[in-house]
Amino acid sequence: MGFEGRVAIITGAGGGLGRSHALALAARGARVVINDLGGARDGSGGSSGAAEAVVAEIVALGGEAMANAASVTDAIAVQAMVEATMARWGRIDILVNNAGVLRDKTFAKMELEDFRFVVDVHLMGAVNCTKAVWEIMRQQGYGRVVMTTSSSGLYGNFGQSNYGAAKMALVGLMQTLSIEGARNDIRVNCLAPTAHTRMTEDLGASLPLELLEPERVTPGLLYLVSEAAPSRCILAAGAGGFERAYVTLTQGIYAAGDDAAEQIAAQFEAVSDRTGEIVPDMGAAQGMIELTKAQAHHTK
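A short tour of the structure in this document, coming up.

Before going further, it helps to examine the side chain of Asn184. Tracing the backbone shows Asn184 in the loop between helix H6 (161-181) and strand S6 (186-194). Each residue touching Asn184, except ones within four places of it in the same chain, is listed here: Met137, Arg138, Gly141 and Tyr142.

Structure below.
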């Protein structure tokens, strides 16, 4: 699985997962933009030192890389990063939206500013970066975009309402962009990693950290940005394990009339029955299933 001639932008690549992804892509021939604001885990501060250190590693190994310290929340700075990449290498094939922050608290104690900031970095940061490369990829007729989601978004996690909301929003973004990008061979996927990084260091002894190196996640990322990549996939990865998560829809029931609410309550087990569930091609599938049930009921 080679990446010779490909150009990749990886956000949050000054350490952890982003660094691992960048080193692996560079080792396989990609030219890599190492974007990292260099701030603390909560998003405060900033320095280009982390990005420059990863660039030095790649160059020392014979690869090509450039550092960038733009905040993904700054659309103008992101656009400047993309323009600098195009000026140097003339194309952008891969975007890995990996930058992130944590400001964990229970929802009862969380300030709205901390909620907004986490959503801004994870969701709007990915939007800013993807928007900046989208037309380039459309014109090339080729692109690979990965959103870094999380089990905290897919399934919830105590104290992470802001983080979970942002991470699940990225799944929704991926679902639509994969449809819109298909005609131009832009494939969009999500990676849900489990790894020991600065973002997860508070979990400490509760996890077997020696098994959770970021390098055990990166093979999944490499597949998602390869020429043979799928599209619209949520790939979970950690400790050498790889799984696929789906957003599914059950067949459900039909309920109408003054007692429809009571019918739903009485038949909620049937509503929840996963027999015959589907993974819809697009959102309209829900409406089609519901209309089919309604028409079947009225033609009895």
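Ranked by internal contacts, the top residues of the largest apolar core, which has 41 residues, are Ile9, Met147 and Val188. For this core, the elements supplying multiple residues, two or more each, are strand S1 (7-11), helix H3 (75-89), helix H4 (112-140), strand S5 (143-148), H6, S6 and strand S7 (234-238). No other element matches H4, which puts 11 residues into this core. Beyond its immediate sequence surroundings of up to four residues, Ile9 is in contact with Val33, Met81, Val82, Thr85, Ile92, Ile94, Leu95, Val96 and Val133. Core analysis: the next-biggest nonpolar cluster, separate from the first, contains 31 residues, Leu25, Ile34, Val54 and Ile58 among them.

So, on to the sheet that holds strand S3 (residues 65-68). Within a beta sheet, neighbouring strands are joined by backbone hydrogen bonds and run either parallel or antiparallel to one another. Pairing in this open sheet of eight strands is mixed, and the strands run S3-S2-S1-S4-S5-S6-S7-S8 from one edge to the other. The sheet is open, and its two edges are formed by S3 and strand S8 (241-245), each paired on a single side. Shown here is a sheet whose adjacent strand axes are inclined to one another by a mean of 20°, direction ignored. Bridge count for S7 against S8 is five bridges, and the pairing is antiparallel. Within S8, the residue paired with Leu235 across the bridge is Arg244. Sheet strands touched by H3: S1, strand S2 (31-35) and S3. Its angle to S3, the strand with the most contacts, is close to 160°. Its contacts with the sheet place H6 against S5, S6 and S7, and it is angled at close to 160° to S6.

Turning next to the environment of Val127. Mapped onto the secondary structure, Val127 falls in helix H4. Using a relative accessible area of 26% as the deciding quantity, one classes Val127 as partly exposed.

Here we come to the environment of Gly125. Structurally, the position occupied by Gly125 is in helix H4. Judged by relative accessible area, Gly125 falls into the buried class, the value being 2%. Here the alpha-carbon distance between Gly125 and Asn98, two residues 27 residues apart in the chain, equals 9.4 Å. When neighbours within four sequence positions are excluded, Gly125 is seen to be in contact with Val72, Asn97 and Asp120.

Calculation criteria
Residues numbered from 1 in each chain as written. Predicted model: local features only at pLDDT ≥ 70, side-chain atom pairs only at ≥ 80, totals over all residues. Heavy atoms only, no water. Helix = DSSP H or I, 4+ residues; strand = E, 2+ residues; numbered from the N terminus. Contact = heavy atoms within 4.5 Å. Core = buried A, V, L, I, M, F, W, Y, C linked by side-chain atoms within 4.5 Å. Buried < 20%, exposed > 50% of the residue type's maximum accessible area, 1.4 Å probe, protein only. Pairing = 2+ DSSP bridges. Axes fitted to C-alpha atoms, helices over the stretch in contact; angles between N-to-C directions.

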